[in-house]
Amino acid sequence: MKNAPIGIFDSGYGGLTVLREIVKLLPEYDYLYLGDNARAPYGPRDFDTIYQYTLESVRYLFGQGCQLVVLACNTASAKALRNIQQLALPQMAPERRVLGVIRPTAEVIGHFTKTNQVGVLGTTGTVRSESYLLEIGKFFPAVAVYQQACPMWVPLVENGELAGPGTEFFVKKYLDSLLAAAPGLDTVLLACTHYPLLEPLIQRFLPKGITVVSQGEIVAKSLTGYLQRHPDMASRCAKNGQRHFHTTGSAADFEGHASAFFGEAVAAVQVDLRS
Ligand code: DGL
């Protein structure tokens, strides 16, 4: 397969924190990253809108040759993945696959906690979906999950506001609210791929002894396992070590912001999802 990169999708830049870890473990594969920056953030949007936007993005990535797409976005994974897998995929491309980030995270998060209390920080959409309550409950029924929506964090991160008094205020506000509800928690999951950019501040405002878990490494390990278990899919994905970055927003903005998330400079192309 000449042109079959693995598609990595996010509403904006956050999925780059996942891709960054994926390329460390699987550098040989080709990747096509799509950020729907023109329509980010997804977090406050309703179910139907998130489903439509995510479906359009997956269709675009399939059109670019992707056989396998990872929704590196919790909001899209929570609100759109199941319908894409069960309703859209069988008609659109039954032999292709779309994976999310919630299940691989839920499969391991219980191993981080000793008090059996986990805080989940996410967008309003992710929290309202209750996907983490459900999925963690399947794998770790003894773990109590405390959710906290952090609606200001994605806009702050998308705009590069990673420090300063305004950002500190909103980081502390949501953490204080979580800690008040769950004083015994020892593990906090950053259940939004944008949040690792705020991790230094999050660490600062959390009491010592609380483990902060980001998803990048977890998802990268899970994808590695998936490709090992599915050699047919692995052989259909191109392996030339190429990486391409598409955005529905401005390419210059994407290039300006991306390195903070990806760890290195990238060249981006602005695309129209309907083309
Ligand atoms: N990175 C996305 C997530 O993991 C952010 C969602 C948004 O656009 O609000 O949920």
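Details of the structure are given in the entry above.
Cut-offs used in this document
- Residues numbered from 1 in each chain as written.
- Predicted model: local features only at pLDDT ≥ 70, side-chain atom pairs only at ≥ 80, totals over all residues.
- Heavy atoms only, no water.
- Phe/Tyr/Trp six-rings, centres within 6.5 Å; stacked < 30°, edge-to-face > 60°.
- Helix = DSSP H or I, 4+ residues; strand = E, 2+ residues; numbered from the N terminus.
- Buried < 20%, exposed > 50% of the residue type's maximum accessible area, 1.4 Å probe, protein only.
- Lys NZ or Arg CZ within 6 Å of the ring centre and 35° of its normal.
- Near = heavy atom within 4 Å.
- Polar contact = N/O pair within 3.5 Å; in protein donor to acceptor, adjacent residues only side chain to side chain.
- Areas by Shrake-Rupley, 256 points an atom, 1.4 Å probe, with all protein chains shown as cover.
- Nonpolar A, V, L, I, M, F, W, Y, C, P; charged D, E, K, R; others polar.
- Arc of directions from axis to C-beta.
- Contact = heavy atoms within 4.5 Å.
- Lys, Arg positive; Asp, Glu negative; His and termini not counted.
- Salt bridge = Lys/Arg side-chain N within 4 Å of Asp/Glu carboxyl O.
- Axes fitted to C-alpha atoms, helices over the stretch in contact; angles between N-to-C directions.
- Parallel < 35°, antiparallel > 145°, perpendicular 65-115°, else oblique.
- Left-handed = near helix turned anticlockwise from the far one by under 90°.
- Pairing = 2+ DSSP bridges.
- Core = buried A, V, L, I, M, F, W, Y, C linked by side-chain atoms within 4.5 Å.

*Asks:* Before we go on, may I ask you to explain the packing of aromatic side chains in this structure?
*Replies:* Here the distance between the centres and the angle between the planes together describe a pair of aromatic rings. Within the structure shown, the criterion is met by twelve aromatic pairs. Relative to phenylalanine 254, the ring of tyrosine 13 lies with its centre 5.3 Å away and its plane at 40 degrees, an arrangement referred to as tilted. Taken together, the positions of tyrosine 13 in the loop between strand 1 (6-10) and helix 1 (15-25) and phenylalanine 254 in helix 13 (residues 251-262) put the pair 241 residues apart, joining distant regions of the chain. Here tyrosine 13 matches phenylalanine 254 in class, with each residue buried. Seen from their ring centres, tyrosine 42 and tyrosine 53 are 5.6 Å apart, and the 55 degrees between their planes marks the pair as tilted. Residue tyrosine 42 is located in the loop between strand 2 (31-35) and helix 2 (47-63), and its partner tyrosine 53 is located in helix 2; the two are separated by eleven residues in the primary sequence. For the residue pair tyrosine 42 and tyrosine 53, the accessibility class agrees, reading buried in each case. The ring of phenylalanine 62 has arginine 96 lying over it, and the distance from NZ or CZ to the ring centre is 5.2 Å.

*Asks:* Help me understand the site of the ligand, please; the structure alone is not making it clear to me.
*Replies:* The full set close to the ligand counts 13 residues, and Ser11, Tyr42, Thr75, Thr193 and His194 are the nearest of them. With respect to the ligand, the side chain of aspartate 10 contributes an N or O atom lying 3.0 Å from a nitrogen atom. A distance of 2.7 Å separates a nitrogen atom of the ligand from a polar side-chain atom of threonine 193. For the ligand, the accessible surface in isolation is 300 Å², of which the surrounding protein chains cover 99%. Here the residues of the shell around the ligand sort into five nonpolar, seven polar and one charged.

*Asks:* Help me out: how do you make sense of helix 7 (residues 131-139) in this one?
*Replies:* Note: α-helices contain 3.6 residues per turn, so residues at a spacing of three or four share the same orientation. When we look at burial in helix 7, the residues that qualify are Ser131, Tyr132, Glu135 and Ile136. Down the axis, helix 7 shows its buried residues gathered within 105 degrees of arc, on one side only. Buried residues along helix 7 sit against helix 3 (74-79), helix 5 (102-109), strand 5 (117-122), helix 6 (124-129), strand 6 (144-149) and strand 7 (187-190).

*Asks:* Sorry, what's going on with the side chain of aspartate 10 here?
*Replies:* Considering the arrangement of structural elements, one finds aspartate 10 in strand 1. Buried within the structure, aspartate 10 lacks any salt-bridge partner; its nearest side chain of opposite charge belongs to arginine 45, at an N-O separation of 12 Å. A distance of 3.1 Å separates a polar side-chain atom of aspartate 10 from the backbone nitrogen of glycine 15. Apart from residues no more than four positions distant in its own chain, aspartate 10 is found in contact with Gly15, Tyr33, Leu34, Gly35, Asp36, Ala72, Cys73, Thr193 and His194.

*Asks:* Explain the packing of helix 2 against helix 4 (residues 81-92) here, please?
*Replies:* The relative placement of two packed helices comes down to the angle between their axes together with the axis-to-axis distance. Contact pair helix 2 / helix 4: the axes reach a minimum separation of 12 Å and the direction vectors enclose 40 degrees. Considering the angle they form, helix 2 stands oblique to helix 4. Crossing handedness for the pair helix 2 and helix 4: right-handed. Between helix 2, through Phe47, Tyr51, Thr54, Leu55, Val58, Arg59 and Phe62, and helix 4, the contact on the second element is made entirely by Asn83, Ile84, Ala88, Leu89 and Met92. The residue inventory of the contact of helix 2 with helix 4, partitioned by class, reads nine nonpolar, two polar and one charged.

*Asks:* Would you mind showing me how to read the pairing of strand 1 here?
*Replies:* Here is the key point about a regular strand: its side chains alternate between the two faces of the sheet. The buried fraction of strand 1 is high, at five of five residues. By the alternation rule, side chains of strand 1 split into Ile6, Ile8 and Asp10 and Gly7 and Phe9, which are all buried. As judged from the five bridges shared by strand 1 and strand 2, these two strands associate in the parallel manner. Looking at the pairing, glycine 7 lines up with leucine 32 of strand 2.

*Asks:* What is the right way to read the nonpolar core from this model?
*Replies:* Taken as a class, soluble globular proteins show a tendency for nonpolar side chains to be buried jointly. Counting residues in each nonpolar core, the largest one holds 56 residues, and the members touching the most others are Leu16, Trp153 and Leu227. Beyond its immediate stretch of four places on either side in the chain, leucine 16 contacts Tyr33, Phe245, Phe254, Ala258, Phe261 and Phe262. In terms of nonpolar packing, the next biggest core, distinct from the first, is built from 26 residues, Val69, Leu81, Ile84 and Leu89 among them.

*Asks:* What's the story with the sheet that holds strand 6 in this structure? I'm lost.
*Replies:* Whenever strands of a sheet pair, they do so through backbone hydrogen bonds, lying parallel or antiparallel. The sheet built from four strands is open, its strands ordered 6-5-7-8 with parallel pairing. Looking at the sheet topology across the chains shown, the edges are occupied by strand 6 and strand 8 (211-213). Within the sheet, the average angular offset between the axes of one strand and its neighbour, ignoring direction, is 25 degrees. Here strand 5 pairs with strand 7 via four bridges, running parallel. Bridged to leucine 121 within strand 7 is leucine 190. Across the sheet, helix 7 touches strand 5, strand 6 and strand 7, and the angle it forms with strand 6 is around 160 degrees. The sheet contacts of helix 9 (residues 165-181) involve strand 5, strand 6 and strand 7, and relative to strand 6 the element is tilted by about 155 degrees.

Just geometry here; none of it tells us what the structure is for.
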